[in-house]
Amino acid sequence: MSSTQQTLAAGRPMAANRPWRPVWPGGLPIGWRGSEFCWAIAFLVPYLAVFLAFVVYPVAFGLWMGGKPELYAELAADPLYVHTVVNTLLFVGIGVNVKMFLAFLLSGYFTSRSRWIRALLVLYMLPWALPAIPAFLAVHWMLVGKWGFLNSLLETVFGIEGPIWFNSYWLALGANILAYIWKWMPFWTLIFMAGRMAIPRDIYEAADVDGATPVRRFVYVTFPLLAGLYLICTLLSTVWMIGDFTTVYFVSGGAPALTTEVLATLGMHEAFDSGNPPLGVAAVMSALPLLIPLTIVLMRKVHVSGVQL
């Protein structure tokens, strides 16, 4: 044996004595029954059990419970359900678009390096940091009755008597929408701020050299670069808002006379207050023809664009 062969053999004694085993195309050895396999099963089984118990089973049971066609015929014949669908469209359509537009504009304001603006940003983020139920209950008690905070403020400062907010359909619906925007707009503002900060400064400097005004810089630089992020956030917010229950339930409670109900709260009332769970599930599931396409578009948009600038 030459000196080179002796050196190679001495440098890898373990490799020379290691038995060869055929492997699967995926890389796992045939007949592998070692401790790694047992540990893999031990870690996989709890997650699989939780997934089956809290995701697969509830969804399958809900589809089975609300899958009877006569339930949807009963809903369609109920004028309250038709009115609730209109409420849901108004609640989601106005709430999402106003919230996203304002969040996008404010994200540019809060990216300033001013110390006072950064301090104001902390206060601005407080509604999002609060738990949803106490926040919406606070809004409810600010508006309810003659001696609510807002009516007391109107009478004290301006000497006028405020309206009974939850006795008017449009005022109650507007209170629901404004409460939702107030609660969740800081979150989306933070998302858009992160997107703005990812834009290279060289692009803005080039626009300034070309003489672009702030408005033109926003229209021709900022918005085109963040259009993909804006679309994805809008789709995601729409999916979340369609299933939102806490806002309407704790702000207006469906007042006046359940005329500001949305599909989520109507389903809860039918399932628990009226004692008809299948009809309640059917009311919530009637939003699936809108939710499923939105979810597919959202997934495709994320997959194709990757929210890249």
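Look above for the structure.
Enquirer: Hey, could you go over the overall build of the protein chain for me, with residue numbers and the actual values?
Expert: Regarding its fold elements, the protein chain presents 16 helices and zero strands. Residues classed as buried in the protein chain amount to 33% of the 309 residues present. Relative to all contacts within the protein chain whose residues are 6 or more apart in sequence, the contacts with residues 24 or more apart total 71%. Surface summary for the protein chain: the accessible area is close to 19,400 Å², and the carbon and sulfur share equals 72%.

Enquirer: With reference to specific residues and values, describe the packing of aromatic side chains.
Expert: Any aromatic ring pair is given by two values, namely how distant the centres are and how the planes are angled relative to each other. A full pass over the atoms with the stated rule returns 19 aromatic pairs. Between the aromatic rings of Trp188 and Trp240, the centroid separation amounts to 5.7 Å while the plane-to-plane angle is 40°, which identifies the pairing as tilted. Highlighted residues: Trp188 in helix α10 (residues 169-197) and Trp240 in helix α12 (residues 214-242), separated in sequence by 52 residues. With relative accessibility at 4%, the residue Trp188 sits in the buried group. Assessed through its relative accessible area of 47%, Trp240 is described here as partly exposed. Taken together, the ring pairs in this structure connect Phe104, Phe192, Phe218, Phe223 and Tyr230 into an aromatic cluster. One residue, Arg115, lies across the ring of Trp116, its end atom 5.6 Å from the ring centre. Across from the ring centre of Phe104, 5.0 Å away, lies the NZ or CZ of Arg196, which sits over that ring.

Enquirer: How would you explain the packing of helix α4 (residues 69-76) against helix α15 (residues 277-285) if you had to name every residue and give the values?
Expert: Across the interface, α4 lies against α15 with an axial gap of 9 Å and an inter-helix angle of 75°. Judged on the interaxial angle alone, α15 and α4 are roughly perpendicular. Side by side, α4 and α15 meet where Leu71, Tyr72, Glu74 and Leu75 of the first sit next to Pro278, Leu279, Ala282, Ala283 and Met285 of the second. Of the residues that constitute the contact of α4 with α15, the class distribution is eight nonpolar, no polar and one charged.

Enquirer: Before we move on, could you go through the environment of Ile191 and cite the residues and values that matter?
Expert: Mapped onto the fold, Ile191 is located in helix α10. Ile191 has contacts with Leu229 and Cys233, leaving out every residue within four places of it along the chain.

Enquirer: Could you give me a rundown of the side chain of Thr234, with the residues and numbers involved?
Expert: Among the structural elements, Thr234 can be located in helix α12. Thr234 has contacts with Val96 and Met100, leaving out every residue within four places of it along the chain.

Enquirer: Residue-level account of helix α8 (residues 132-143), with values.
Expert: An ideal rise of 1.5 Å per residue puts 16 Å on twelve residues; α8 measures up with 17 Å between its terminal C-alpha atoms. In the core, the buried residues of α8 are packed alongside α9 (149-157), α10 and α13 (246-251).

Enquirer: Got a sec to walk through the layout of surface pockets? Specific residues and values, please.
Expert: In this approach a probe as big as a water molecule rolls over the atoms, and the regions it shows empty are the leftover space. The computed volume of the largest pocket comes to approximately 450 Å³. In terms of lining residues, the largest pocket is bounded by 15 residues, among which Gly108, Thr111, Arg196, Arg201 and Tyr204 are the most central. For the lining of the largest pocket, the leading source of residues is α12, giving four residues. Among the residues making up the lining of the largest pocket, the classes are represented as six nonpolar, four polar and five charged.

Enquirer: Describe unusual backbone geometry, naming the residues involved and giving the relevant values.
Expert: In this model, Ala255 is joined to Pro256 through a cis peptide bond whose omega is 0°. Assignment of secondary structure puts Pro256 in the loop between α13 and α14 (263-273). Residues other than glycine seldom take positive phi values, yet Ala257 does so here, at roughly 55°. Among the structural elements, Ala257 can be located in the loop between α13 and α14. Assessed through its relative accessible area of 71%, Ala257 is described here as exposed. Even without a glycine there, the phi angle at Leu258 is positive, about 65°. For Leu258, the position within the fold is in the loop between α13 and α14.

Reading guide: rules and limits
Residues numbered from 1 in each chain as written. Predicted model: local features only at pLDDT ≥ 70, side-chain atom pairs only at ≥ 80, totals over all residues. Heavy atoms only, no water. Helix = DSSP H or I, 4+ residues; strand = E, 2+ residues; numbered from the N terminus. Buried < 20%, exposed > 50% of the residue type's maximum accessible area, 1.4 Å probe, protein only. Contact = heavy atoms within 4.5 Å. Areas by Shrake-Rupley, 256 points an atom, 1.4 Å probe, with all protein chains shown as cover. Phe/Tyr/Trp six-rings, centres within 6.5 Å; stacked < 30°, edge-to-face > 60°. Lys NZ or Arg CZ within 6 Å of the ring centre and 35° of its normal. Axes fitted to C-alpha atoms, helices over the stretch in contact; angles between N-to-C directions. Parallel < 35°, antiparallel > 145°, perpendicular 65-115°, else oblique. Nonpolar A, V, L, I, M, F, W, Y, C, P; charged D, E, K, R; others polar. Expected span 1.5 Å × (residues − 1). 1 Å grid on protein atoms, 1.4 Å probe; cavity = no way out; pocket = protein on both sides within 12 Å on 5 of 7 lines; lining within 4 Å. Points joined across faces, edges and corners; volume = space filled by probe spheres on them.

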